[in-house]
Amino acid sequence: MTSAPAAPFGHVLTAMATAFHDDGTVDLEGTARIAAHLVDHGHDGVVVSGTTGESPTTTTEEDGAILAAVKDAVGDRATVVAGVGTNSTAHSVELAQQAAKVGADGLLLVTPYYNKPGQAGVLHHFRSVAEATDVPVMLYDVPGRTGTQIAFETYEQAIRMHNVVAVKDAVGDYQRGVRLTELGYAVYSGDDANNLGWLAHGAVGFVSVVGHAAGDQTRAMAEAFWAGDHAEALRIFTRLLPAIDAIMGVPNYGATTAKASLQLLGVLDNRNVRGPLVPLDDAEVEALRRGLEASGLL
């Protein structure tokens, strides 16, 4: 990419879905197929066992197996980042150490959810997990899911940790994002609806969900922007809006819409999810199909 900013994990990543068999067990072959599909379509890397990977429902053993399967499938041509964030610091440390042993290129560490710790607790959690390995860490700020936003002062402390290098931002505060860049963070957009806006405010790339269906287009948008063709970047982004709305703008979104998209694309033969999620019904799949078609993705 022309004059693209340095990006520790690559520029275009997707928080990828985890495939499940009909009996609810992890489908490692299907999961590896998702990873290969992403890397074949514009991705520099993938994130496993994040929210879209349904990490709240997978065991430590399953997380290790998922990471190993994806590393085997694409680790020679893409970065593989392991989601290790939970609402238990000890469990997150365990997951981080397991990911390091398996060979993760990075760790995605979300703010502890549900517990709603104060900022001292958030920082303690980040420090405990970061110090457990030497693997580079991407913090993940998504208060809509966690109930807690990372304070700027906490960011100031966390960046002093030798392996904290990036943040996946799903807050959408561009002004704060510029300040985080000045602190030394590589900022990744964590909300597809804000991807183009984040490029204009210095983001190095994306951790997408819509990338399950639009990896090539998302990459083309970034390349056009960094090449100085902002009109083309806007044209691509505008074309993607129906797909962004269909995948991210409905109540039952995330792993559900990502898997249904993969089913429509022929990457998966099912759209199985684990409770409390339920798969899209036929009407929801039809609405998703219309959105993908409107964006030229089907």
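Our structure is the block above this text.
This one's a predicted model, so the numbers in the text were calculated from it and none came from an experiment.

**Structural notes on empty space enclosed by the protein**
No. 1: For the structure on display, the rule yields two cavities of 30 Å³ or more.
No. 2: Considering the residues around the largest cavity, the lining is formed by Val48, Ser49, Asp63, Gly64, Leu67, Ala82, Gly83, Val84, Leu95, Gln98 and Ala99.
No. 3: At the level of secondary structure, the elements contributing two or more residues to the lining of the largest cavity comprise α2 (60–74), β3 (79–83) and α3 (89–102).
No. 4: Partitioning the lining of the largest cavity into residue classes produces six nonpolar, four polar and one charged.
No. 5: Roughly 40 Å³ of internal volume is contained in the second largest cavity.

**Let's talk about helix α1 (residues 28–40)**
No. 1: A rise of 1.5 Å per residue sets the reference length of α1, with its 13 residues, at 18 Å; its end C-alpha atoms lie 18 Å apart and thus fit the reference within 8%.
No. 2: When α1 is considered as a whole, its buried residues turn out to be Gly30, Thr31, Ala32, Ile34, Ala35, His37, Leu38 and Val39.
No. 3: Its side-chain oxygen at 3.3 Å from the backbone nitrogen of Glu29, Asp27 defines the N-terminal cap of α1.

**A few points about the layout of surface pockets**
The rolling of a water-molecule-sized probe over the atoms marks out the regions of remaining empty space.
No. 1: Here the largest pocket defines a volume of roughly 480 Å³.
No. 2: Listing elements by their share of the lining of the largest pocket, those giving two or more residues are β4 (106–110) and α5 (143–146).
No. 3: By residue class, the composition of the lining of the largest pocket is eleven nonpolar, ten polar and two charged.
No. 4: The computed volume of the second largest pocket comes to approximately 340 Å³.
No. 5: Lining the second largest pocket we find 21 residues, and of these Tyr140, Arg145, Gly190, Met248 and Tyr253 sit closest to its centre.
No. 6: Elements represented by at least two residues in the lining of the second largest pocket include exactly α5, β8 (205–208) and α10 (230–248).
No. 7: Along the lines of polarity and charge, the residues of the lining of the second largest pocket split into ten nonpolar, eight polar and three charged.

Reading guide: rules and limits
Residues numbered from 1 in each chain as written. Predicted model: local features only at pLDDT ≥ 70, side-chain atom pairs only at ≥ 80, totals over all residues. Heavy atoms only, no water. 1 Å grid on protein atoms, 1.4 Å probe; cavity = no way out; pocket = protein on both sides within 12 Å on 5 of 7 lines; lining within 4 Å. Points joined across faces, edges and corners; volume = space filled by probe spheres on them. Helix = DSSP H or I, 4+ residues; strand = E, 2+ residues; numbered from the N terminus. Nonpolar A, V, L, I, M, F, W, Y, C, P; charged D, E, K, R; others polar. Expected span 1.5 Å × (residues − 1). Buried < 20%, exposed > 50% of the residue type's maximum accessible area, 1.4 Å probe, protein only. Polar contact = N/O pair within 3.5 Å; in protein donor to acceptor, adjacent residues only side chain to side chain.

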